[in-house]
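# Summary of structural features
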Amino acid sequence: ANTTIMAAKKNKGKKKSGGKKKTTTRSDSPLLDPTTNQPPVCKFLRQGRCQRGDDCTFTHTPEAAAEGARAAGFKAGKTQDEIEMDAAIAFEVMKKKVESKKEEEVVQQQQQAEVLQAEEEAIQSVDSKNTFLPPGLSSSLSLFTPQQQELAKRLCELGPKNQRHLFEHWTSNNNDAIVNDKKKALMSKLESIDNSYPDGGLMGYLNNAVELLEKSRLGVNPLEGWMPSVPKGEAFEVGTEAFLSTEKLGLTEVGSCGFVLVAGGLGERLGYGDIKIGLPTELATGTSYIQFYIETILAFQSRYAKNGLKLPLCIMTSGDTNDKTVALLSKNNYFGMDKDQITIVQQGMGVPALLDNDAHIAIDSENPYDIQMKPHGHGDIHALLHSQGVAKSWLGKGIKWTVFFQDTNGLAFHTLALSLGVSSKMGLIMNSITCPRKAKQAIGAITKLTKGDQQSTINVEYNQLDPLLRATGHPDGDVNDATGFSPFPGNINQLLFRLDAYVKVLERTKGVMPEFVNPKYKDAGKTVFKKPTRLECMMQDFPTVLVGAEASKVGFTSLASELCFSPVKNATSDGVALQANGTHPGVAATGEADQNGATRQLLRSIGCDVKEGNKVKFSGIEIVSGPDCVLKPSFAACTNEYKNKFTNPSAVKISGRSSLVLRGEGLVIESLDLDGALVIECEKGASGVIRNLTVKNKGWVKLSAETSTDEVIRMRGYNMIKLETETVVFKKDGSIEGNYAPPGSTPKKATPAKAQSTQVKPQSVEKTAPIPVQPTLDLSKPASSEEKESDTFCGGGCSIM
């Protein structure tokens, strides 16, 4: 070491040729030692003066470190023992560093080897994909986008649930333009499903399906471990103080309510070739369901909304109904609603139908280049309201509540103010509108379920509720209580949400509802389906995504079904069979009859004297013949408003054969005796009082018309013939049209007006004999000898009540 130092000093300052001073430099990229294949040992380390440490590109060895320590000790004037001690320490320290570095190099080499292996496997996998694709698909890949190509490959390598069968029949000949278009259409559909299904795309749908189908095959009980109990809520009888006070409270909230109409259906099942919301709710005025809903919303808006707030309406359509819905609204100028109040969200094309427990997608039986699709369920409405920003937008505009209702229930809004009152009192996030149900009745029941610290108030199907109760300490299962009904009220799929909490949950869940599957098995082993199945979701399952304190803020509002639920969803033939078994038929005739019946019941609840007509049959469906009472929303929309409009209800008498139509916000009925047909209208901005008015005329009658060419008439089984009508109109200028004297003048008995034609053409009447009055009259077919004379039947000798 000393020799090296002295040599360096001796050479210091010498110049190379050219007169330049020689300097000592270090190479960052030293040549490798041919004997060790390593860089040379660092000479500066040997001299005890290497400044780079671990960053030095030359080799650091324990021996060189010891040598450097000795040189440094000699230079510092240390004793020989001290120098040797320093050298030993330097040797051990460097030895550990060298060993650690070797270990790191081994790890790095292993990692590099793993990366190379993964890259090789990926290359082999790609080759394998293309090698094992069905030939027709492999030769057709060039027809598709890169994203579609990758999707097709993934579908073919899903293990037991691979979808190779979708492509195995494809031809390898790509010269047929028509077939190529079909191939591209299928891949576009599959890509659309992959992009739209919210829980992992198409692969997520298939994975979820396999999991749920396996649980179904094994008979896994989704309610296992949950304890049922009666949920919180309130049940009402119309006209009681509790009913009126709660509805009155709700009226303070109805002016800040948004409305969601789940209207995805066509009327084909009913024998109607158009969308169901275009069907008339009743024949007296011909008002369609969508018109009735909008008129009701506008009535609430005009009377209860503050600061010019517009109450919004969102309509969920399907691919089958979207264009027809837009056209219907546009043609009728949105039925008086501003165009910007209405938002339409379209449900997707559905989800793939599944053939078996491995979730193989069903191919269309009529087109081998297409797949079968089925509806995913109305639970999609929550995801649509989130993805389209509807709910959040409403909240920003001052809307506090939102109500969900279905397309053909003319009684839907009888409970709106009532349920708002309940939600306000109880602080509910979600309120299910329900009706009383008999124990074990075949209708879902709202039930509170508890498991540990978890709770959920949801709809439980009737065939699950009874065994669940028996398995959890209720040996009699679902039984009626002192009211004569089950304590678990019946679900009718009408929901009310507090919007701020609803939006918060949508932000967290994106509106995705839990799915279920309900395959119909052909074999005992549950491996073969009778027909393809699919995953579904329901909007009423929203409570299942609530967490923590949210779950405790779910309840119900219950009112008799004849006041809140009468859907029109079945063909007449199906309705006849249902009614024969004691089940509500759910047909057009009962929808109209129940709407009139609910109005009669509300009128009676405030003290009006309204008689009940006879029971009659049309096309095998039994209904009450009348009276037909149509109170338009502009006149009154709830019971408290009825009380304000009929100021002396005991002086209002309506016979069982009568027909009454009232419209206009300025109209008040003080006293009326009606035995016939009466239409009273009060123009916007006008006011009018009916006092001491007596009307007796031939009125309107329902006549059998089951073979009518008009779909609306045929599905009811009858037509409404308007024989005589008394009409009174209060004009904005203060004048009155019709045979009625203003209040304060001498009361004048109205004389019959000339018969007016109905909006639906009456059917011809064959010769028939008089029909004897019976408790239940079957007017489906006219008798053989009845005659038509002028505008009466049987010369005035036959009266159809």
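Refer to the preceding data block for the structure.
Overview of the structure.

## Side note on the overall build of the protein chain
- If you tally the helices and strands in the protein chain, you get 21 helices and 33 strands.
- Of all 801 residues assigned to the protein chain, the portion counted as buried reaches 47%.
- The contacts of the protein chain with a sequence gap of at least 6 include a subset with a gap of at least 24, amounting to 67%.
- As presented, the protein chain carries roughly 38,600 Å² of accessible surface, and 51% of it is formed by carbon and sulfur atoms.

## Quick look at the side chain of Asp541
- With respect to the helices, strands and loops of the structure, Asp541 is situated in the loop between β14 (535-536) and β15 (554-558).
- For the buried Asp541, no salt bridge is present, and the opposite-charge side chain at shortest range is Arg534, 13 Å distant.

## What about the nonpolar core?
- Ranked by internal contacts, the top residues of the largest apolar core, which has 90 residues, are Phe259, Leu313, Leu385 and Phe542.
- Among the elements that take part in this core, helix α10 (residues 289-304) stands out by supplying eight residues, more than any other.
- With residues up to four places along the chain from it excluded, the contact list for Phe542 reads His382, Met430, Phe497, Tyr502, Val505, Leu506 and Met513.
- Membership of the second largest hydrophobic core comes to 40 residues, among which are Leu411, Leu603, Cys608 and Ile669.

## Quick notes on the pairing of strand β23 (residues 672-675)
- The sheet contact formed by strand β20 (residues 652-654) and β23 spans three bridges and is parallel. If you follow Lys653 over to β23, its bridge partner there is Asp673.
- Relative to strand β26 (residues 693-696), β23 runs parallel, the two sharing four bridges. Paired with Asp675 across the strands is Lys696, a residue of β26.

## A look at the packing of helix α12 (residues 380-387) against helix α16 (residues 499-509)
- Where α12 contacts α16, the two axes come as close as 10 Å, and the packing angle between them is 90 degrees. When the axis of α12 is compared with that of α16, the two are roughly perpendicular. Taken together, the residues of α16 that come into contact with α12 (itself represented by His382, Leu385 and His386) are Tyr502, Leu506 and Glu507.
- Across the contact of α12 with α16, the residue classes tally to three nonpolar, two polar and one charged.

## Points about the packing of aromatic side chains
- With the rule as written, the count across this model stands at 20 aromatic pairs.
- On the numbers, 5.1 Å between centres and 90 degrees between planes, the contact of Phe167 with Trp170 is edge-to-face. Assigned by exposure class, Phe167 and Trp170 land together as buried.
- With a centroid separation of 6.1 Å and 75 degrees between ring planes, the pair formed by Phe730 and Tyr740 is classed as edge-to-face. One end of the pair, Phe730, is in strand β29 (residues 726-730); the other, Tyr740, is in the loop between β30 (736-737) and β31 (776-778), and ten residues separate them in sequence. Each of the two residues, Phe730 as well as Tyr740, counts as buried.
- Three or more aromatic residues joined by ring pairs form one cluster here, namely Phe259, Tyr289, Phe292, Tyr293, Phe405 and Phe413.
- Sitting over the face of the ring of Tyr718, Lys702 holds its NZ or CZ atom 6.0 Å from the ring centroid.

## Some words on the environment of Gln346
- Looking at where Gln346 falls in the secondary structure, it is placed in strand β5 (residues 342-346).
- In sequence terms Gln346 and Asp320 are 26 residues apart; their C-alpha atoms lie 9.8 Å from each other.
- Discounting chain neighbours no more than four positions away, the residues touching Gln346 are Thr317, Ser318, Gly319, Asn322 and Leu384.

## Considering a nonpolar patch on the surface
- The grouping of Met85, Ile89 and Val93 at the surface amounts to a nonpolar patch, some 280 Å² of accessible area in total.
- Relative to the assigned elements, Val93 resides in helix α4 (residues 80-132).

## Description of the pattern of salt bridges
- The tally for this structure, following the rule as stated, stands at 32 salt bridges.
- A salt bridge links Asp466 to Arg470, with the shortest nitrogen-to-oxygen separation between them at 2.8 Å. Taken together, the residues span about one helical turn, with Asp466 and Arg470 both in helix α15 (residues 462-471) at a distance of four residues.
- With its nearest N and O atoms 2.5 Å apart, the salt bridge here joins Arg604 to Glu612.
- Here the salt bridges share partners, and the residues they tie into one network are Lys310, Asp338 and Asp340.

## What about the sheet that holds β30?
- Strand order in the open sheet formed by five strands is β19-β21-β24-β29-β30, and the pairing between neighbours is mixed. The open sheet has two edge strands, β19 (628-631) and β30, and neither has a second partner.
- Pairing of β29 with β30 involves two bridges; the strand directions are antiparallel. Paired with Val729 across the two strands is Glu737, which belongs to β30.

## Things to note about the sheet that holds β20
- In space, the four strands of this open sheet follow the order β16-β20-β23-β26, with parallel pairing throughout. Among the strands making up the open sheet, the edge pair consists of β16 (609-610) and β26.

## Observations regarding the side chain of Thr472
- Position of Thr472 relative to the elements: it lies in the loop between α15 and β12 (490-498).
- When its relative accessible area of 15% is taken as the criterion, Thr472 is described as buried.
- For Thr472, the contacting residues outside a window of four places in its chain are Trp226, Met227 and Pro228.

The rules behind the values
Residues numbered from 1 in each chain as written. Predicted model: local features only at pLDDT ≥ 70, side-chain atom pairs only at ≥ 80, totals over all residues. Heavy atoms only, no water. Helix = DSSP H or I, 4+ residues; strand = E, 2+ residues; numbered from the N terminus. Buried < 20%, exposed > 50% of the residue type's maximum accessible area, 1.4 Å probe, protein only. Contact = heavy atoms within 4.5 Å. Areas by Shrake-Rupley, 256 points an atom, 1.4 Å probe, with all protein chains shown as cover. Lys, Arg positive; Asp, Glu negative; His and termini not counted. Salt bridge = Lys/Arg side-chain N within 4 Å of Asp/Glu carboxyl O. Core = buried A, V, L, I, M, F, W, Y, C linked by side-chain atoms within 4.5 Å. Pairing = 2+ DSSP bridges. Axes fitted to C-alpha atoms, helices over the stretch in contact; angles between N-to-C directions. Parallel < 35°, antiparallel > 145°, perpendicular 65-115°, else oblique. Nonpolar A, V, L, I, M, F, W, Y, C, P; charged D, E, K, R; others polar. Phe/Tyr/Trp six-rings, centres within 6.5 Å; stacked < 30°, edge-to-face > 60°. Lys NZ or Arg CZ within 6 Å of the ring centre and 35° of its normal. Patch = residues over 30% accessible without salt bridge, like charges linked within 9 Å, V, L, I, M, F, W, Y side chains within 5 Å.

Such coordinate-based values are descriptive only and should not be taken to indicate function.
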